[in-house]
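One letter stands for each residue in the lines below.
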Amino acid sequence: MNIINTQRLTLTPVLFSDKEFLSKLFLDNDVKKYYVLRDDHSNDIELFTKYLVETNQNGRALQCIVRLKNSTPIGLAGGELMRDLFSGEASWNTSYALLPEYRGCGYATEAVIAFTNHVKQYAINKSHLDISDENEPSKCVARKAGYVLNKDTAHVDQKHLELLMLFHWEKQLHSQREIFFNKATMAFRSKDYQMAENLYERALEYPYELGSAYTDAQCYSNIGMACSSYGNYMKAYQCLMKAKSMGLTNASIEKELVWLHTNKGIG
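Residues numbered from 1 in each chain as written. Predicted model: local features only at pLDDT ≥ 70, side-chain atom pairs only at ≥ 80, totals over all residues. Heavy atoms only, no water.

## Description of a nonpolar patch on the surface
Inclusion rule: To count toward a patch, a residue needs a relative accessible area above 30% and no salt bridge. Like charges then connect within 9 Å, nonpolar side chains (Val, Leu, Ile, Met, Phe, Trp, Tyr) within 5 Å. Only the protein chains shown count as cover for residues, and the accessible areas themselves come from Shrake-Rupley with a 1.4 Å probe. The term salt bridge refers to a side-chain nitrogen of Lys or Arg lying within 4 Å of a carboxyl oxygen of Asp or Glu. Secondary structure elements follow DSSP: runs of H or I no shorter than four residues count as helices, runs of E no shorter than two count as strands, and numbering proceeds from the N terminus. Relative accessibility under 20% of the residue-type maximum defines a buried residue, over 50% an exposed one, and the middle range a partly exposed one, all with a 1.4 Å probe and only protein chains included.
Taken together, the side chains of Val-156, Leu-164 and Met-165 present a nonpolar region at the surface, about 240 Å² in accessible area. Among the secondary structure elements, Leu-164 is positioned in the loop between β7 (148–155) and β8 (166–172). Note on Leu-164: relative accessible area 48%, which makes it partly exposed.

## Digging into the pattern of salt bridges
If you walk through the whole model with that rule in mind, you get 17 salt bridges. One salt bridge connects Arg-103 with Asp-28, and the closest N-O pair in it is separated by 2.7 Å. One end of the pair, Arg-103, is in the loop between β5 (90–98) and α5 (107–118); the other, Asp-28, is in the loop between α1 (19–25) and α2 (29–34), and 75 residues separate them in sequence. For Asp-28, a relative accessible area of 16% puts it in the buried group. Here Glu-134 and Lys-33 are joined by a salt bridge, their closest N and O atoms 3.2 Å apart. Within this pair, whereas Glu-134 is found in the loop between β6 (126–132) and α6 (136–144), its partner Lys-33 is found in helix α2, the two being separated by 101 residues in sequence. Using a relative accessible area of 29% as the deciding quantity, one classes Glu-134 as partly exposed. One network of salt bridges, with partners in common, ties together Asp-28, Asp-30 and Arg-103.

## Points about unusual backbone geometry
If you check the backbone angles, Ser-71 has positive phi at about 80° while not being a glycine. If you trace the backbone, Ser-71 turns up in the loop between β3 (61–68) and β4 (73–83). Positive phi values are uncommon outside glycine, yet Lys-191 reaches one of about 65°. Inspection of the secondary structure assignment puts Lys-191 in the loop between α7 (176–189) and α8 (193–204). Taking the relative accessible area as the measure of exposure, Lys-191 reaches 62% and is therefore exposed.

## Regarding the side chain of His-174
Note the threshold: Any pair of nitrogen or oxygen atoms within 3.5 Å is treated as a polar contact; in protein, a donor-acceptor pairing is required on top of that, and neighbouring residues in sequence qualify only through side-chain atoms on both sides. Contacts were defined at the residue level, with two residues in contact if any of their heavy atoms lie within 4.5 Å.
Mapped onto the fold, His-174 is located in the loop between β8 and α7. Within the local environment of His-174, its side chain forms a polar contact with the backbone oxygen of Ile-124, the two atoms lying 3.3 Å apart. Apart from the residues within four sequence positions on either side, His-174 is in contact with Lys-120, Tyr-122, Ile-124, Asn-125 and Ile-179.

Okay, here's the thing in C-alpha cells:
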C-alpha cells in the first residue's frame, strides 16, 4: 500500500470505508465548484469512492485521503494517469481538496509536494494541475509546490461554464539530464554501447541538480565503460581518468583502467 508520510501529514490510499468522509468533503461549495466530478459521481459519492478505489488498484491512479498525524481525515489529494490527445504524452492529472477549516495552514501545498515527490519513482515525466483562472488560492499552492503556469493550455470545460478559463500548471518530474542518463543506461544494458555513449554525452549538456546521482563524474565514468565496450579504448581511458579527477573512484573504474593498461598498453 502506498502510504506517504510528511512532517505533518499522512496520505493513505482511498478505501471504501472513506465514503462518509468524502460525502462530507463534497458538501463544501468550493470543493464542489473547483474539484469537478463527472455527473454520475457528483450524484453518487459511493460510486465516486468505488471509482477511486478501483483506479488505485489497477495502477491508473494514486488517490489518497490526507490525514493529520492523529489520523484525522482533512482532505483528498492524488492524481490519475492521463494521456494527451495530441502529443500522446502521459502525465499525472493531479488534484486536491481540503475541508475549509484546514485551509490556509499549508496542508494543501504539503500534500501536493508529497504526492509529486512520491510519483517520481514512476516513468512519467510530468504532473499537472488544472486550475480555474479565478482560483487564486490554488494558483498559490501550485507555485509553492513548484508547478509552472503553461499559458498555451487555456481551455474551457463545456460542462462547467461557471468556471473561468482553465490552465494547466505543470511540473517536470525528471530533469533532462536524468532522462538522457536513464535512456543511456537502458542502451548500455541492451549492449548498444555507441548509443549509450551518445546519450550520456547528451545528459552532460544539461545542468546538474544538486543532490542527484547524475553527476558529471558518473556520466564520464559511464561513457568510459561504454567506449571500452565497443573498442574506443583511448576515449575510454580519457573519460575514466576524467571521472577520477572529479573525485569518483571505485573498483569498477580501477579494474577497467588496469585492463586497459595490461591489454591495450594505455595509461
